[in-house]
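Structural overview for review
Below, each chain spelled out in residue letters.
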Amino acid sequence: MADATISETFAAPRLRALERADLAFVHGLFNDPDVMRYWFEPAHVTLTDLEETFAQQQRGGDRERRFIVEAAGRRVGLVELVYIDHVHRNCEFQIIIAPGEQGRGYAGAATRGALDFAFRALNLHKVYLLVDTENAAAIHVYEKAGFIVEGVLRSEFFADGAYRDATRMGIFQNDYLAAERRA
Ligand SMILES: CC(=O)SCCNC(=O)CCNC(=O)[C@H](O)C(C)(C)COP(=O)(O)OP(=O)(O)OC[C@H]1O[C@@H](n2cnc3c(N)ncnc32)[C@H](O)[C@@H]1OP(=O)(O)O
């Protein structure tokens, strides 16, 4: 029994496309203020909103790719490639690991999985992100994945009662693939 618990804790996560059946899980994340303050958004989203957005995305466009992070047979997080632009060949990256699942290496693995999809499947040139300058754990994950700081947007977002500085980071396809070849 103890062995099963240990292997669950360190199970390698995998990414799969978001399904309608996942929306209740996403609803829980998007209504958690401790999570959403780091997305610079109010924790106030209805299941109906999520179902409409999901239906719109199914109908058309390839501007977003959303993934569920799964490990040990359960949903542990959400990663998104959004504002996908096929002229400039870039997109924005976003991630949430569920509060009860943090600190197990899932974000690092999920970030690499999303970059792999962006650069190997979508053939994008660049992936960028915006992160609260005080979100040290997230910045650590992104630097480890190869993102580089491009600048700081001062008092860019209002979240949890105050204006927040946002650090913009980016990574290029060439650099990502070269690092993968060296690894
Ligand atoms: C672009 C964006 O989406 S920004 C918004 C990111 N999302 C959020 O902040 C929402 C709420 N938070 C989360 O979802 C999660 O806490 C995340 C995504 C930030 C991190 O997810 P986790 O699964 O806990 O991360 P994971 O376990 O893979 O790695 C955490 C790393 O940060 C390190 N770390 C933890 N706390 C700190 C800290 N205060 N300072 C520096 N590094 C830290 C850990 O040691 C670990 O590094 P290691 O792999 O070198 O040992």
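You'll find the protein entered in an unreviewed UniProt entry as Diamine N-acetyltransferase, with Gordonia neofelifaecis NRRL B-59395 given as the organism.

Right, let's get into the confidence of the model for the protein. Do not read the fine detail of predicted coordinates wherever pLDDT is low. Per-residue pLDDT for the protein averages 94, and the proportion of residues at 70 or more is 95%. When the criterion is pLDDT under 50, residues 1–8 qualifies, and its contacts beyond four places in sequence or with other chains add up to 3 contacts. For this predicted complex, the interface confidence reaches an ipTM of 0.98, while the overall pTM sits at 0.94.

For the rest of this paragraph, the subject is the UniProt feature "domain: N-acetyltransferase" (unreviewed entry) in the protein. Taking the UniProt record as the reference, the feature "domain: N-acetyltransferase" (unreviewed entry) is found at residues 13–174. Helix and strand shares over residues 13–174 are 33% and 38% respectively, and the end C-alpha atoms of the span are 25 Å apart.

Take the pairing of strand β7 (residues 162–172) next. Examined bridge by bridge, strand β5 (residues 126–132) and β7 share 7 bridges and lie antiparallel to one another. Residue pairing in the sheet places Asp-132 in a bridge with Ala-166 of β7. The pairing of strand β6 (residues 148–159) with β7 spans 8 bridges and is classified as antiparallel. Of the residues in β7, the one forming a bridge with Ile-148 is Gly-170.

Quick notes on the rules
Residues numbered from 1 in each chain as written. Predicted model: local features only at pLDDT ≥ 70, side-chain atom pairs only at ≥ 80, totals over all residues. Heavy atoms only, no water. pLDDT = per-residue confidence, 0-100. Contact = heavy atoms within 4.5 Å. UniProt positions renumbered as here; feature names shortened; annotations may be inferred. Helix = DSSP H or I, 4+ residues; strand = E, 2+ residues; numbered from the N terminus. Pairing = 2+ DSSP bridges.

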